[in-house]
Each structure stands twice: as C-alpha cells, then as structure tokens.
Amino acid sequence: DVKVTQSSRYLVKRTGEKVFLECVQDMDHENMFWYRQDPGLGLRLIYFSYDVKMKEKGDIPEGYSVSREKKERFSLILESASTNQTSMYLCASSFPPKNIQYFGAGTRLSVL
Amino acid sequence: QQQVKQSPQSLIVQKGGISIINCAYENTAFDYFPWYQQFPGKGPALLIAIRPDVSEKKEGRFTISFNKSAKQFSLHIMDSQPGDSATYFCAASMSADSWGKLQFGAGTQVVVTP
C-alpha cells in the first residue's frame, strides 16, 4: 500500500511565523504535490515537484515556497504566515504513466 | 477561476437511493476524468475514472456517465449506503501533461441517511 505521511495533523501558528509542512512518501514516486483545500473551492494546487530539486508553480503559489532535497520528502514553506493561509493542506504523490495521485491525511493549519 | 464546475455542493439521500453529482468543464484538452472520495479526517482517494473514448464506466455501485459534446460528466451512486457518506470531488487532466496535474471541482458532501 502506498503511504503518504504528513508530519502534523493540526498546527497553530501566529501571523508572521515561518511555517514548515512536511510530507513523506514511501513508494519512490517521482511526482509530489501540495494542495490547499477550502470549503466551496475544492483542492487547489500550490506547487508540485517532478524530481529532486525540481519544482513548478501550481495555480496559487503566492506566499508559499517548496523544497525537495530527497525523492521521498516534499516540504511546503510559508515564509511569513498570514491569516488567509488558514486552511487544510494536502500532500499527494504519483508516478507516471498512470499518474494516480495518492494523498496524505492532511494538515489543518490555523494562523492566528 | 475553477476549470471544473461541480454541483450540487451537498446532498442528502436515503439509504437505497441514488446519488447524482454533476461536473462540467470547458477545456477540450482534458481527456482524463477521475472521481476522488474523501472521508472525514482522511485524504482523498481515487474512486473511479473515465476517458472520453467511452460514455459510461461502472464499478460496483458507482457509475460515471460522460457526455463529450456537452463537456459534462457525472457520478451516480446506486443503492446508496451510510458508508458512502463522504465528500466527492470530480477532477480533470490532460494526457499531454506528463505530470498528471489535476483540476478539481469544488466538492460535493454526500450524506446517506439510514
């Protein structure tokens, strides 16, 4: 079974803090994704990575950055957290050619 | 702007009834249409998917109907069960996108009452 693990289920941070969300997958998948999930908006792609040190912007990259130093680990970074970044964050991984995305359980981030 | 429009936002159905969720898209380059199911506290998981070369795909009680000319597709849950209570997301992607990026709909929360 594919396992995608997100390090925290819940996080509470203060405005202006630097926040790291970590994601690890155990299936040697090439592609990894970060989404945010908001009611009424579905899942929106923030960033994705197709190889170590390779990254591409998704639909809503503003205010976020990512890091992929090892194939199994993909980090989402909020350089200076703001209240409008309060959301559920989901990590996923996939491999070509089927590209089925496997999701972690999510991290619910509250920025106060 | 959402590239895949999903409706309804929520629906309540009695056990044994049929749940129907509709999605529409504009980009004719989309050629892969998966549905993901998400239970509370869990991440979404692939439920069923279809490509435009067929008009219908059935897996157990779940059926996708696809109308290429109308650019619409729908999920039907037959004989709905309380265990089907979840949020369902439709999505679309292009095979030309080698990374398989998905555009998701807004989601539909389905509640099946006993």
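These figures come from a predicted structure and were not determined experimentally.

**A few points about the overall build of chain A**
Piece 1. A count of helices and strands for chain A gives zero helices and eleven strands.
Piece 2. Relative to its length of 112 residues, chain A is compact, with a C-alpha radius of gyration of 13 Å against a globular reference of 13 Å.
Piece 3. Projecting the C-alpha coordinates of chain A onto the three principal axes gives extents of approximately 40 × 25 × 25 Å.
Piece 4. Here the analysis covers contacts within chain A between residues at least 6 apart in sequence; of these, 55% occur between residues at least 24 apart.

**As for the pattern of salt bridges**
Piece 1. Counted under the stated rule, the structure contains nine salt bridges over all chains.
Piece 2. For E26 of chain B, the salt bridge is made with K71 of chain B, and the minimal N-O distance between the two is 3.4 Å. Of the two residues, E26 of chain B sits in the loop between strand 3 (19-25) and strand 4 (33-38) while K71 of chain B sits in the loop between strand 7 (62-67) and strand 8 (72-77), which places them 45 residues apart along the sequence.
Piece 3. By relative accessible area, which is 63% here, E26 of chain B ends up exposed.
Piece 4. One network of salt bridges, in which partners are shared, links R36, D38 and R44 of chain A.

**Considering the interface of chain B and chain A**
Piece 1. Counting residues at the interface gives 20 residues for chain B, matched by 21 residues for chain A.
Piece 2. Where chain B abuts chain A, roughly 1,600 Å² becomes buried across the two surfaces, and 55% of that area is made up of carbon and sulfur atoms.
Piece 3. Among the residues of chain B in contact with chain A, P44, W99 and F104 of chain B are the three that bury the most area, contributing 32% of the side total.
Piece 4. For the pair chain B and chain A, the interface holds zero salt bridges.
Piece 5. Taken together, chain B and chain A are joined by seven residue pairs in polar contact (both at pLDDT 80 or more).
Piece 6. Secondary structure elements with two or more residues in the side of chain B that touches chain A: strand 4 and strand 10 (103-104) of chain B.
Piece 7. Each residue belonging to the side of chain B that touches chain A can be placed in one class, and the counts come to eight nonpolar, nine polar and three charged.

The rules behind each value
- Residues numbered from 1 in each chain as written.
- Chains lettered and ligands numbered in written order.
- Predicted model: local features only at pLDDT ≥ 70, side-chain atom pairs only at ≥ 80, totals over all residues.
- Heavy atoms only, no water.
- Helix = DSSP H or I, 4+ residues; strand = E, 2+ residues; numbered from the N terminus.
- Rg over C-alpha atoms; globule rule 2.2 N^0.38 Å.
- Contact = heavy atoms within 4.5 Å.
- Salt bridge = Lys/Arg side-chain N within 4 Å of Asp/Glu carboxyl O.
- Buried < 20%, exposed > 50% of the residue type's maximum accessible area, 1.4 Å probe, protein only.
- Buried area = accessible area lost by both parts, 1.4 Å probe.
- Polar contact = N/O pair within 3.5 Å; in protein donor to acceptor, adjacent residues only side chain to side chain.
- Nonpolar A, V, L, I, M, F, W, Y, C, P; charged D, E, K, R; others polar.

The values are spatial; any link to function lies outside them.
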